[in-house]
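Next come the chains, spelled out residue by residue.
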Amino acid sequence: MMAATGRCFILNQICCGHFPTGAMKKILFLLALVQGFLIWHYYSGKKNSQFIMFGDSSVSGHMYQSFHLSGVFHIPLTHQEDMNSLYTEISENVWCFTQGLNYISSKKDSKCICLTGWYGVDCGLPESVWSSELLLDGTRPGVWIKRRDRPRRVINGVVFTIDYDLLEIRVNELNSSVDAFLVAEQNCSTMEDDSPPPLFSKLQEGFLKKFHSKIIYVSINDISSLGFESIEDSAWEYVSQMELWKNGLKMLSDFRPDDMLIFSKMSDIPSRDVLLFFKLYDGFPEPVGFHLRTVMYNFAMLESVPSYKINSNRSEVRLMACSFTFFSSYCDYDINKLQKRKCDTNSKLLTNLQMNFKKEKYWKVGSLKTPAGWSCRWCLRPPELRKALIDQQCPNKPMGVPQVFDSLVNDNTSLAIEMFAKSGMSLDKSSFGHQVFQSENDQYYAPSYVLLNKKRFDFLLGDISERVQPVRNETVN
């Protein structure tokens, strides 16, 4: 101790012996100021390059957390305590999934008694999972679903097109089950027009500010010049999704092998309950396809079916999910391989996966009666839908429908859209027939966020003709 003290004293003498005490204090003070400035400048520049802090003009001086713009986003870790918040202890060492629990009956019987639509020993399996081809209502042998010690992280990626309402619904609906949202937008700025992309601007203004801490904004190049006719074009979907995940994954860090990746289009909203199942349980194979209920214009109108498909299922597999390990090691980060199920399933890596992680077997969650989400095509407010079809910042970007484009321009009102909606015909004429409305009493009628905000989203509920009629005489400005 003495030696250390003596050494410290000697060093001070060497450093300071040439300066008077007062001068040394001034020099140290100036050095501290310079160091403070340099630290401030470094972190200020770093913050400006990675994040943008947006003030809320409605609240003087209030600042809220920014969405992630560049740099590296550390996927939040999960803990055992996170599981405890989702389960209720009915009796000693008997824990039940709170959302699916009939609490009074369970307390009385000292075991988990499930509410309608929930199954399993702990009432944690939603009906769309329970009735799937994986479990067959609990009758399939050899399938063991086990509750995890801590939640799995879930990452949902989507390419934004034009529908702010659907993005708002997605983020609010899935917030409790998704740990990070990768939201991509095409950058269509040119030398003549360098205005920022519309979603980027809206996020800057505070759109979805409550969830900015888990939104990762991904800017992708304008791909409209490649000649896609619409976002319904499978080639457009493939290229835009490739750009999203190629750029988005580079912005994430701290991956775990079992992190779940959800690949979806803007119009496809997976079930929150299904994502919670993936988050809380082990024992299911992968990859997973989602049967979605396909609707048009709003959640009440089931998509019409062409006559040659009149007996087909209106629930389509339009959305896929798999673990980070599966996507990186077996699909080589290629979403096209995943969607076409052409990943490397014969490699030694796959054997290792099945021995130490989970089985490789494609399966589908959901059905016509118990869909695993919704695919809502052209679900915009009528004036916005009409304007979006006419005035597109990026050619072909949102939902180009050349078959009806001329009629929309010439008519310049909502009459053309009203005609298609009332007849039950899709805007791209890919499907047609009589209208099929589903009952509001249907358990899978619409996402819960929509039902909890009926007044705000009234245009997405009820008879399509009733909500189109009032805007008959509106014109595009």
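Preceding this section is the structure that the text describes.
Source: prediction; values computed, not measured.

The rules behind each value
Residues numbered from 1 in each chain as written. Predicted model: local features only at pLDDT ≥ 70, side-chain atom pairs only at ≥ 80, totals over all residues. Heavy atoms only, no water. Disulfide = S-S within 2.5 Å. Buried < 20%, exposed > 50% of the residue type's maximum accessible area, 1.4 Å probe, protein only. Helix = DSSP H or I, 4+ residues; strand = E, 2+ residues; numbered from the N terminus. Polar contact = N/O pair within 3.5 Å; in protein donor to acceptor, adjacent residues only side chain to side chain. Contact = heavy atoms within 4.5 Å. Phe/Tyr/Trp six-rings, centres within 6.5 Å; stacked < 30°, edge-to-face > 60°. Lys NZ or Arg CZ within 6 Å of the ring centre and 35° of its normal. Core = buried A, V, L, I, M, F, W, Y, C linked by side-chain atoms within 4.5 Å.

Chemist: Which residues make up the state of the cysteines, and what are the values?
Modeler: Note: disulfide means a covalent bond formed between the sulfur atoms of two cysteine side chains. Tallied over the entire structure, the rule returns 4 disulfides. Sulfur-sulfur distance for the disulfide between Cys114 and Cys123 comes to 2.1 Å. Its S-S torsion of about -90° marks the bond between Cys114 and Cys123 as left-handed, since a negative value means left-handed. Judged by its relative accessible area of 26%, Cys114 is partly exposed.

Chemist: Residue-level account of the side chain of Thr370, with values.
Modeler: As for its position among the elements, Thr370 is in the loop between strand S19 (360-365) and strand S20 (373-377). One polar contact links Thr370 to Ser131, side chain to side chain, over a distance of 3.2 Å. A polar atom in the side chain of Thr370 sits 2.9 Å from the side chain of Ser367. Other than its neighbours up to four places away in sequence, Thr370 contacts Glu127, Ser128, Ser131 and Tyr444.

Chemist: Let's hear about the packing of aromatic side chains: which residues, and what values?
Modeler: Taken as a whole and assessed by the stated rule, the structure comprises 22 aromatic pairs. Geometrically, the ring pair formed by Phe277 and Tyr281 is stacked, given 5.7 Å between the ring centres and 20° between the ring planes. Given the relative accessible area of 3%, Tyr281 is considered buried. When the ring of Phe278 is compared with that of Phe290, the centres are 6.0 Å apart and the planes differ by 65°; the resulting orientation is edge-to-face. With a gap of 12 residues between them, Phe278 in helix H9 (residues 272-280) and Phe290 in strand S16 (residues 286-296) connect regions that are remote in the sequence. Through successive ring pairs, a cluster of aromatic residues spans Trp245, Phe255, Phe263, Phe324, Phe327 and Tyr333. One residue, Lys202, lies across the ring of Tyr164, its end atom 5.1 Å from the ring centre. The lysine or arginine in question, Lys202, covers the ring of Phe207, its NZ or CZ lying 5.4 Å from the ring centre.

Chemist: Please set out the nonpolar core residue by residue, giving values where relevant.
Modeler: Counting 65 residues, the largest nonpolar core has Leu167, Phe278, Phe290 and Phe299 as its most contacted members. In terms of residue count, H9 provides more of this core than any other element does, 6 residues in total. The contact partners of Phe299, leaving out residues within four places of it in the chain, are Leu166, Trp374, Cys376, Gln438, Tyr445, Ala446, Pro447, Val450 and Leu460. If you look at the next biggest cluster of nonpolar residues, it comprises 30 residues, including Leu244, Met251, Phe326 and Phe327.

Chemist: Quick rundown of H9? Include the residues and the values.
Modeler: Most of H9 is tucked away, with 7 of its 9 residues classed as buried. Considered for burial, the residues of H9 that qualify are Val274, Leu275, Leu276, Phe277, Phe278, Lys279 and Leu280. Where H9 starts, the residue carrying a side-chain oxygen 3.2 Å from the main-chain nitrogen of Asp273 turns out to be Ser271.

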